[in-house]
Every structure is written in C-alpha cells, then in structure tokens.
Amino acid sequence: ADIEALARAAHDAGALPVVDAVSSLGAVPLETDAWGLDVVVAGSQKALMGPPGAVFISVSGRAWEAVRRSRTPKLYFSFERARDALGTGSSAFTPFTPAIPVVYALAVSIRMILGEGLPARFARHRRLGQTVRDGTASLGLDLLAHPRWASDAVTAVRVPEGVVAKTLLRRLHTEHRVVLAGGQGRLEGRIFRIGHMGYVEERDLQVALGALGDVLADLGYPVSRGVRVR
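Residues numbered from 1 in each chain as written. Predicted model: local features only at pLDDT ≥ 70, side-chain atom pairs only at ≥ 80, totals over all residues. Heavy atoms only, no water.

Trainee: Where do I start with unusual backbone geometry in this structure?
Mentor: Excluding glycine, residues mostly carry a negative phi; peptide bonds, for their part, are mostly trans. Despite not being glycine, Met49 has its phi angle at roughly 70°, a positive value. Relative to the elements of secondary structure, Met49 occurs in the loop between β2 (39-43) and β3 (55-59). (Helix = DSSP H or I, 4+ residues; strand = E, 2+ residues; numbered from the N terminus.)

Below, the structure is given as structure tokens:
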C-alpha cells in the first residue's frame, strides 16, 4: 500500500493513520516520522527474524494527544501505563512481564539486519518477492493482489479451480517438507501464502516453487513437471 499517500489523506480528513507493519518492518522502507504515521505496530516474528512474543509500537505527538482525550476503558493495552512505567531514566521497566528471551533473540537478529544494511536488505526482499511472483506466474497461478501493490514480504496466491487448498498444503508439508500458509477469514480455502522475508534466501524459494509445481501436477492441475522457476 502507498502508506505515505494514505497518511496524507487521513490527516486531511482529521484522522490518525494507524499502520500494521507486522510483516513489513525490516523488509521494505517505512518512514514513520517523514510520512506522518501516528501509530505503527510491528511484531518480532516476521522480517525482524525473531521468535514471536514481542510487539513494538510507535506513537506520535498527535496520537498521544488522542490518548490523553480518550475515555475508552483500557488496562493491559494502555499506552499511558506503558509510557509512565518505561519513563526515560535508568529505572525504566515494563508495566507487565516482558518476554526476556525474545528480547535477547532479537538482539542477535537486529545485529544481522544492521550487518546486512537496510538498502541491501530492502533490495534483497524486492528480488525475493519478484522471484515468487515470476515463479507462480510460470506455474499459471494468479496473485491475489495486483502486481503493482504486491508485497515484498509475503505473496498471496489464488488456489486454482479444482484444487482443494488443504490438500495442497498438506501434501507440500508431508511430501516435500515445505510449509505454506493458507487463507484466513473469507479467503480461507481461496488463497495460500508464501513468505519471503527475513533470512529466507532465493534457493529456499526455488525449492518451494518446484515442490508446488509437482504437487499441483499430481492434483491434476495442468502444469509442466519440472517447470523452471526463476
């Protein structure tokens, strides 16, 4: 999504843009302050390459003013309680039990990210995303999103007619040790998702795409066995 343009439109309407960057942070550019993003939420387990269990939230001055005016009941997810407990001094502490092992694991993954460098990292994710888009196209599959808006962190692919999504995913797992995600909500059974974020490399995706072609052919979908995906 064009987050910068959406944020401008939100501000013009007097609204506060809240961005879900759980998958995108660390995979694609995200200019929180420059784009005027009032709240950004991210998680530890996606492109940041850590185990699940930690959430990161940035809150702008405009959003803090909205928090101050808010009368919505809140306890655990209270921005104010978290800010007051963390403070700015040496005695800062989380208001609730923190996921200490996750923090230590993230320290390792963040060093890996900084060692790679953000420009190189963003370029690598663009290449990986294009590899998956080209590979699924070579298998005759359709993307859920228009290529212009396709994500460089994860690709959603439409399940072809005549193929049962659960059967496809189960056979990929049991026969090829390839784990792909299904759709959720109204997209359950209609799409599957291929993640290409974090320390995924092109070779991993080539193996997954090759296995996908083999299973689709076994299920009767018209794809040439051994199709070359790039």
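Trainee: It is not clear to me how the packing of helix α2 (residues 61-69) against helix α3 (residues 79-86) should be interpreted in this structure. Could you clarify?
Mentor: Two numbers describe a pair of packed helices, the interaxial angle and the distance between the axes. Running from N to C, α2 and α3 point in directions that differ by 115°, and their axes come no closer than 10 Å. Taken together, the axes of α2 and α3 lie roughly perpendicular to each other. From α2, Trp64, Val67 and Arg68 reach across to α3, where they touch Phe79, Glu80 and Arg83. Classifying every residue of the contact of α2 with α3 gives three nonpolar, no polar and three charged. (Axes fitted to C-alpha atoms, helices over the stretch in contact; angles between N-to-C directions. Parallel < 35°, antiparallel > 145°, perpendicular 65-115°, else oblique. Contact = heavy atoms within 4.5 Å. Nonpolar A, V, L, I, M, F, W, Y, C, P; charged D, E, K, R; others polar.)

Trainee: What am I meant to see in the sheet that holds β2 here?
Mentor: Two pairing modes exist for strands in a sheet, parallel and antiparallel, and in both the strands are linked by backbone hydrogen bonds. Spatial strand order, β1-β2-β3: three strands in an open sheet with mixed pairing. Each edge of the open sheet is held by one strand with a lone partner, namely β1 (18-20) and β3. For this sheet, the mean inter-axis angle between neighbouring strands, taken without regard to orientation, is 15°. Across five bridges, the pairing between β2 and β3 is antiparallel. (Pairing = 2+ DSSP bridges.)

Trainee: Honestly, the packing of aromatic side chains in this entry has me stumped. Any pointers?
Mentor: By convention here, two paired aromatic rings are described through the distance between centres and the angle between planes. Overall, the coordinates contain one aromatic pair when judged by the stated rule. Measuring from ring centre to ring centre gives 6.1 Å for Trp64 and Phe79, while their planes differ by 70°; the resulting arrangement is edge-to-face. Here Trp64, found in helix α2, pairs with Phe79, found in helix α3; they are 15 residues apart in sequence, far enough to count as distant. Residue classification places Trp64 among the partly exposed residues on the basis of a relative accessible area of 22%. Sitting over the ring of Trp64, Arg83 keeps its end group 4.1 Å from the ring centre. (Phe/Tyr/Trp six-rings, centres within 6.5 Å; stacked < 30°, edge-to-face > 60°. Buried < 20%, exposed > 50% of the residue type's maximum accessible area, 1.4 Å probe, protein only. Lys NZ or Arg CZ within 6 Å of the ring centre and 35° of its normal.)

Trainee: Would you mind showing me how to read the pairing of strand β4 (residues 154-158) here?
Mentor: Remark: a regular strand shows side chains that alternate across the two faces of the sheet. In β4, alternate side chains face the same way, and those of Thr155 and Val157 are buried while those of Val154, Ala156 and Arg158 on the opposite face are not. The pairing of β4 with strand β6 (residues 191-195) spans five bridges and is antiparallel. Across the sheet, Ala156 pairs through a bridge with Arg193, a residue of β6.

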